[in-house]
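Coordinate analysis (summary)
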Amino acid sequence: MTVIIRAASTDDEDLAAVERVINAASPEDGTSLEDLRWSDRAYPGIVRFLAELDGRPVGAATVGRIFVHPPEFEALWATVDVLPRARRIGIGGALLAATARTAEAAEKTHLHVPAVADRAEAIAFLERRGFVEHERMRSVRLDLAAISRPQDDPPNGIELTDLAARPDLVAGVHAVAVEAFQDIPGGDGPIAPGDLAEFRARDVDRPGFPPDAFVVALEQSSGRVVGYAALQLKPGSPTIAWHDMTAVVRAWRRRGLATALKRRTIAWALDHELVALETGSDEANLGMQAVNARLGYRPLPDLLTMRGPLGRAKMTR
């Protein structure tokens, strides 16, 4: 039995191997070649590793910038995926150690690694290396087969449109994000929306964001964008979409606008024959959890971010 851990190139063969491993090991958080290439374009510096067992790819790891924080943030984001048949022989530890060495070379101090709450073995693997729970997202799912198409019901004074019909509204959407992101709880403080160009690259023009599923709320009296909701088709799961963000400016909150935006995205999903919508919100974001519950979303296992120091992350056993 021969195990090799090596840096993955950006050629089609290596990226396809990374895609296959991730989709087999973590189907709930799959990827695609298109999305991997987008990540490399949008955030240069991402490093990937492949683990090969007797010449066959059985593991993959990725390390890079945490998109929602500025480049100088002290931690990098890392993922480790190993096929079930290749677990418990040290491959996961070797892949995590490779990501830690990459973060160390970038003068970072910690890694943030995602985990699913019902995967006790994966969480224990990280805890043995000094990782602790850093953030918890309440994950929920709306199965679409048994629901009726909701009708538009925006509050008085609001018009709903989308970026397919009004691509000129992107700057207004970004202005909403600049205000609303400050109020999203959890993690290491407010999400950084970035400047307009970065926001567009990350939250508008990314593969899988249909412009007609990017719903925008206009205040009729002023023509100002005051809210938006966007769907992202899940890579590797074309019949499931993820609510990427629902954001409303402070002056229009608690008036039913977030619910109306989500209803419009649900209608889009039904019109396009999707089978489910999924979303998550920080455990402290009780307002959005209440909106999701009223719309019929049901709990999935929580999504965790585990945070650990680089020294212990370099342990291979």
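Residues numbered from 1 in each chain as written. Predicted model: local features only at pLDDT ≥ 70, side-chain atom pairs only at ≥ 80, totals over all residues. Heavy atoms only, no water.

Moving on, we get to the overall build of the protein. Within the protein, the regular secondary structure consists of 9 helices and 13 strands. The C-alpha atoms of the protein give a radius of gyration of 20 Å, which matches the 20 Å a tight globule of 317 residues would have. Here the C-alpha coordinates of the protein stretch approximately 65 × 40 × 35 Å along the principal axes. Looking at the protein residue by residue over its 317 residues, the buried ones come to 49%. Entry remark: accessible area of the protein is about 14,600 Å², with carbon and sulfur atoms responsible for 52%. Of the side-chain charges in the protein, 38 are positive and 44 negative, and the distance between the mean point of each set is 4 Å. (Helix = DSSP H or I, 4+ residues; strand = E, 2+ residues; numbered from the N terminus. Rg over C-alpha atoms; globule rule 2.2 N^0.38 Å. Buried < 20%, exposed > 50% of the residue type's maximum accessible area, 1.4 Å probe, protein only. Areas by Shrake-Rupley, 256 points an atom, 1.4 Å probe, with all protein chains shown as cover. Lys, Arg positive; Asp, Glu negative; His and termini not counted. Charge placed at Lys NZ, Arg CZ, Asp CG, Glu CD.)

Here we come to helix α2 (residues 33-42). All of the buried residues in α2 are D35, L36, W38 and S39. Down the axis of α2, the buried set is contained in an arc of 160 degrees. They therefore lie on one face. In α2, the exposed positions that point more than 90 degrees away from the buried face belong to E34 and R41. Where the residues of α2 are buried, they touch α1 (12-25), β2 (47-53), α6 (196-203) and β9 (225-234). (Arc of directions from axis to C-beta. Contact = heavy atoms within 4.5 Å.)

The next subject is the pattern of salt bridges. Here the structure, examined in full by the defined rule, presents 25 salt bridges. A salt bridge links E198 to R65, with the nearest nitrogen and oxygen atoms 2.8 Å apart. A residue pair is termed long-range when its members are at least 10 positions apart, and E198 in helix α6 and R65 in the loop between β3 (56-64) and β4 (75-82) qualify at 133 residues. Residue classification places R65 among the partly exposed positions, given a relative accessible area of 24%. A salt bridge links E74 to R307; the nearest nitrogen and oxygen atoms lie 2.4 Å apart. Taken together, the residues span a long stretch of sequence, with E74 in the loop between β3 and β4 and R307 in strand β13 (residues 303-309) at a distance of 233 residues. The buried category is assigned to R307, whose relative accessible area is 14%. (Salt bridge = Lys/Arg side-chain N within 4 Å of Asp/Glu carboxyl O.)

Moving on: the packing of helix α5 (residues 170-180) against α6. α6 packs onto α5 with a crossing angle of 95 degrees between their chain directions and a minimal axis gap of 10 Å. Between α5 and α6, the angle falls in the class roughly perpendicular. Contacts from V170, A171, V173, H174 and A177 of α5 reach α6 at L196, F199 and R200. Of the residues in the contact of α5 with α6, the class split is 6 nonpolar, 1 polar and 1 charged. (Axes fitted to C-alpha atoms, helices over the stretch in contact; angles between N-to-C directions. Parallel < 35°, antiparallel > 145°, perpendicular 65-115°, else oblique. Nonpolar A, V, L, I, M, F, W, Y, C, P; charged D, E, K, R; others polar.)

All right, on to the layout of surface pockets then. With a probe scaled to a water molecule rolled over the atoms, the places where space remains empty come into view. By volume, the second largest pocket amounts to about 220 Å³. Lining the second largest pocket are 17 residues, with P44, G45, G64, R65 and L76 sitting closest to its centre. Elements supplying a minimum of two residues to the lining of the second largest pocket: β3 and β4. Partitioning the lining of the second largest pocket into residue classes produces 12 nonpolar, 3 polar and 2 charged. (1 Å grid on protein atoms, 1.4 Å probe; cavity = no way out; pocket = protein on both sides within 12 Å on 5 of 7 lines; lining within 4 Å. Points joined across faces, edges and corners; volume = space filled by probe spheres on them.)

Note on placement: G311 falls in helix α9 (residues 310-313). The sequence separation of G311 and E104 amounts to 207 residues, and the corresponding C-alpha distance is 9.0 Å.

This paragraph deals with the pairing of strand β10 (residues 237-248). Sheet topology places β9 next to β10; 8 bridges connect them, and they run antiparallel. Its bridge partner being in β10, Q232 is matched across the sheet by W242. Here β9 folds back onto β10 in antiparallel fashion, the turn holding 2 residues, of which G236 has a positive phi close to 85 degrees. Pairing analysis gives 3 bridges linking β10 to strand β11 (residues 276-282), with the strands arranged parallel. Pairing of A241 across the sheet is with L277, part of β11. Each parallel crossover has a hand, and the one from β10 via helix α7 (residues 257-271) to β11 is right-handed. (Pairing = 2+ DSSP bridges. Right-handed = clockwise from strand over helix to strand, strands pointing away.)

Relative orientation of the contacting elements α1 and α2 amounts to 115 degrees, with a least axis distance of 9 Å. Relative to α2, the element α1 is oriented roughly perpendicular. As α1 packs across α2, the resulting crossing turns out to be right-handed. Across the interface between the two elements, D12, L15, A16, V18 and E19 of α1 pack against L33, L36 and R37 of α2. (Left-handed = near helix turned anticlockwise from the far one by under 90°.)

On to a nonpolar patch on the surface. On the surface, a cluster of nonpolar side chains totalling about 290 Å² of accessible area is made up of M1, V3 and I89. Residue placement: I89 occurs in the loop between β4 and α3 (91-105). (Patch = residues over 30% accessible without salt bridge, like charges linked within 9 Å, V, L, I, M, F, W, Y side chains within 5 Å.)

By themselves, these observations are geometric and do not establish any function.
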